[in-house]
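Chain residues, written in single-letter form:
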Amino acid sequence: MYTDNIQIIGYSKDKWAIAQLGKSLETIEDFHEIFISNISSEELYYNFVLNISLKDVKENEQKPIEGEESPNEEPEPEETNKE
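What counts, and where the lines are drawn
Residues numbered from 1 in each chain as written. Predicted model: local features only at pLDDT ≥ 70, side-chain atom pairs only at ≥ 80, totals over all residues. Heavy atoms only, no water. Helix = DSSP H or I, 4+ residues; strand = E, 2+ residues; numbered from the N terminus. Contact = heavy atoms within 4.5 Å. Areas by Shrake-Rupley, 256 points an atom, 1.4 Å probe, with all protein chains shown as cover. Phe/Tyr/Trp six-rings, centres within 6.5 Å; stacked < 30°, edge-to-face > 60°. Buried < 20%, exposed > 50% of the residue type's maximum accessible area, 1.4 Å probe, protein only. Core = buried A, V, L, I, M, F, W, Y, C linked by side-chain atoms within 4.5 Å.

A. How the structure looks around the overall build of the chain. A count of helices and strands for the chain gives one helix and three strands. Ordered by position from the N terminus, the helices and strands of the chain form the series β-α-β-β. Residue pairs in contact within the chain that sit at least 24 positions apart in sequence constitute 54% of those at least 6 positions apart. Roughly 7,900 Å² of accessible area belongs to the chain as shown, and the carbon and sulfur atoms make up 47% of that amount.

B. Representation of the packing of aromatic side chains in the model. Throughout the structure, instances matching the rule amount to one aromatic pair. Pairing Tyr-11 with Tyr-45 gives two aromatic rings, centres 5.3 Å apart and planes at 55 degrees, and the pair type is tilted. Taken together, the residues Tyr-11 in strand 1 (residues 5-12) and Tyr-45 in strand 3 (residues 45-54) connect sequence positions 34 residues apart. Taking relative accessible area as the criterion, Tyr-11 reaches 64% and is therefore assigned exposed. On the accessibility criterion, Tyr-45 (34% relative accessible area) is partly exposed.

C. Inspection of the nonpolar core at higher detail. Of all hydrophobic cores here, the largest spans seven residues; its members are Ile-18, Leu-25, Phe-31, Ile-34, Phe-48, Leu-50 and Ile-52. Elements represented by at least two residues in this core include exactly helix 1 (15-25), strand 2 (31-42) and strand 3. Ranked by residue count, the leading element in this core is strand 3, at three residues.

What follows is the structure, encoded as structure tokens:
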């Protein structure tokens, strides 16, 4: 399994819809490159293969999910009551 790309294999009734899908995916910030590598005609529809290259994510650039600790952060010590 590759973690730096995604391949979508699909079909559509027209080429324009495939092109629109590719253009819409270009607006996603985490995608580096969108490439439609193949479009072929089958009777009433078009088969296509769309490849997406993902941007590199460096470990220190990962944003923590709300409520979770960052992978680079030390956990905060718990308070203890001294009597």
